[in-house]
Amino acid sequence: MPTWKEMKRFCEKDGWELYKSTDHYYYRKYMDNKVLKRTKVSRSSKEIPRFLWINILEKQLQVTQEYFNPKFPDFLAKNPLFNLVFAQIYQKA
């Protein structure tokens, strides 16, 4: 299960707007079809409990686990050497 910090990072990278910061971070995202999505992120660094995470994915973020999980960490994806090695491995497969 992801941590609250990972959920916060996801919201920031996925275009969610931080509109309130109190004991929690409050995010919202206006979709193209004029739907407003909202979520609340704890300031804790702990892991999100499974039952709660499933609810957050389906009801608030409205994304799949695959969409939430990045394919590669940013520092690897931006590394030219990593991209070169990955391309060579991918071509052999």
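For the structure given in this document, a descriptive report is provided here. (Residues numbered from 1 in each chain as written. Predicted model: local features only at pLDDT ≥ 70, side-chain atom pairs only at ≥ 80, totals over all residues. Heavy atoms only, no water.)

### Some thoughts on helix α1 (residues 4–13)
Listed as buried for α1 are Trp 4, Met 7, Phe 10 and Cys 11. Down the axis of α1, the sector holding all buried residues measures 115°, keeping them to one side. Opposite the buried face of α1, at more than 90 degrees from it, the exposed residues are Lys 5 and Lys 13. Buried residues along α1 sit against β2 (24–30), β3 (36–42), α2 (50–61) and α3 (65–68). The positive-phi residue at the C-terminal boundary of α1 is Gly 15, with phi of around 85°. (Buried < 20%, exposed > 50% of the residue type's maximum accessible area, 1.4 Å probe, protein only. Helix = DSSP H or I, 4+ residues; strand = E, 2+ residues; numbered from the N terminus. Arc of directions from axis to C-beta. Contact = heavy atoms within 4.5 Å.)

### A few points about the pairing of β3
Note: β2 against β3, seven bridges, orientation antiparallel. Directly across from Lys 29, in β3, lies its bridge partner Lys 37. Here β2 hands over to β3 after five residues, with Lys 34 in that stretch at a positive phi of 70°. (Pairing = 2+ DSSP bridges.)

### Quick notes on the nonpolar core
Met 7, Phe 10, Cys 11, Val 41, Trp 53, Ile 56 and Leu 61 are the most contacted members of the largest nonpolar core, which has 15 residues in total. Residue assignment for this core shows that the elements contributing at least two residues are α1, β2 and α2. When near neighbours in sequence (up to four residues on either side) are disregarded, Val 41 contacts Trp 4, Met 7, Lys 8, Cys 11, His 24, Tyr 25 and Tyr 27. (Core = buried A, V, L, I, M, F, W, Y, C linked by side-chain atoms within 4.5 Å.)

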